[in-house]
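So you can see what is in the structure, the chains are spelled out below.
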Amino acid sequence: MKKGIFSFAVFVVIVILFTGLVGTLLSATTGKIAGKIVDKDSGEALPGANVVIEGTMLGGATDLEGDYFIINVPPGNYNVVATMIGYETIRQTSVLVELDRTSRTNFQLNETIIEG
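Below, the structure is looked at part by part. (Residues numbered from 1 in each chain as written. Predicted model: local features only at pLDDT ≥ 70, side-chain atom pairs only at ≥ 80, totals over all residues. Heavy atoms only, no water.)

For the chain, the helix and strand inventory stands at 1 helix and 8 strands. Beginning at the N terminus, the succession of helices and strands in the chain can be written as α-β-β-β-β-β-β-β-β. Counting over 116 residues, the chain shows a buried share of 24%. Long-range pairs, those at least 24 residues apart, make up 55% of the contacts in the chain with a sequence separation of at least 6. Here the chain displays about 8100 Å² of accessible surface, and carbon together with sulfur accounts for 61% of that area. (Helix = DSSP H or I, 4+ residues; strand = E, 2+ residues; numbered from the N terminus. Buried < 20%, exposed > 50% of the residue type's maximum accessible area, 1.4 Å probe, protein only. Contact = heavy atoms within 4.5 Å. Areas by Shrake-Rupley, 256 points an atom, 1.4 Å probe, with all protein chains shown as cover.)

Below, the structure written as structure tokens:
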């Protein structure tokens, strides 16, 4: 009976190691883009600004401190666009996203006149 218990224990250890290995391999399949958006003249945070990755359905909005983040971004080079009513649209090109890393992309927006 001792042999049966030993075999079961070895089996359990192998299953735990295999599960951990698979989890590790699957966990790092995307990256993240994060940054801050501020007014270029005053340096004040711009809450509610929109940030999108061109050519995708991925994007986000800034919080009260002007910070944003976009998660689950596949690795690659992207154009990231920041917009807000009353400000010029700014595009940053060739933002590199790597597996399991955060790419920092900050924006300084210029005020603009909205014609009615």
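Once the structure has been displayed, the description carries forward.
Turning our attention to the sheet that holds strand 3 (residues 59-61). The strand order across the open sheet formed by 4 strands is 3-2-5-6, and the pairing between neighbours is antiparallel. The open sheet is flanked by strand 3 and strand 6 (90-97), the only strands paired with a single partner. Between one strand and the next, the sheet's axes are offset by a mean angle of 20°, whatever the strand orientation. Note that strand 2 (residues 50-53) and strand 5 (residues 76-83) share 4 bridges and pair antiparallel. For I53, the partnering residue across the bridge sits in strand 5 and is V80. (Pairing = 2+ DSSP bridges. Axes fitted to C-alpha atoms, helices over the stretch in contact; angles between N-to-C directions.)

For the rest of this paragraph, the subject is the nonpolar core. Within the largest apolar cluster, 17 residues are counted, with the highest numbers of intra-cluster contacts made by I33, I37, V51, Y68, F107 and L109. Mapped onto this core, the elements with two or more residues apiece are strand 1 (31-39), strand 2, strand 4 (67-73), strand 5, strand 6 and strand 8 (107-109). What L109 contacts, discounting residues up to four positions off in sequence, is I37, V38, D39, K40, L46, A82, M84, Y87, E88 and I90. (Core = buried A, V, L, I, M, F, W, Y, C linked by side-chain atoms within 4.5 Å.)

Among the structural elements, A49 can be located in the loop between strand 1 and strand 2. Once the C-alpha coordinates of A49 and K36 are considered, the two residues, 13 residues apart in sequence, prove to be 9.9 Å apart. Once residues lying within four places of it in the same chain are set aside, the contact partners of A49 are I37, G60, A61, T62, T83 and M84.

Turning our eyes to something else, we now look at the packing of aromatic side chains. Per the stated rule, a full pass over the model turns up 1 aromatic pair. Between Y68 and F107, the ring centres sit 6.5 Å apart and the planes meet at 45°, which makes this aromatic pair tilted. Taken together, the residues span a long stretch of sequence, with Y68 in strand 4 and F107 in strand 8 at a distance of 39 residues. The exposure class assigned to Y68 is buried, which follows from its relative accessible area of 3%. Residue classification places F107 among the buried residues on the basis of a relative accessible area of 2%. The positively charged end of K32 is found above the aromatic ring belonging to F69, 5.5 Å away from the centroid. (Phe/Tyr/Trp six-rings, centres within 6.5 Å; stacked < 30°, edge-to-face > 60°. Lys NZ or Arg CZ within 6 Å of the ring centre and 35° of its normal.)

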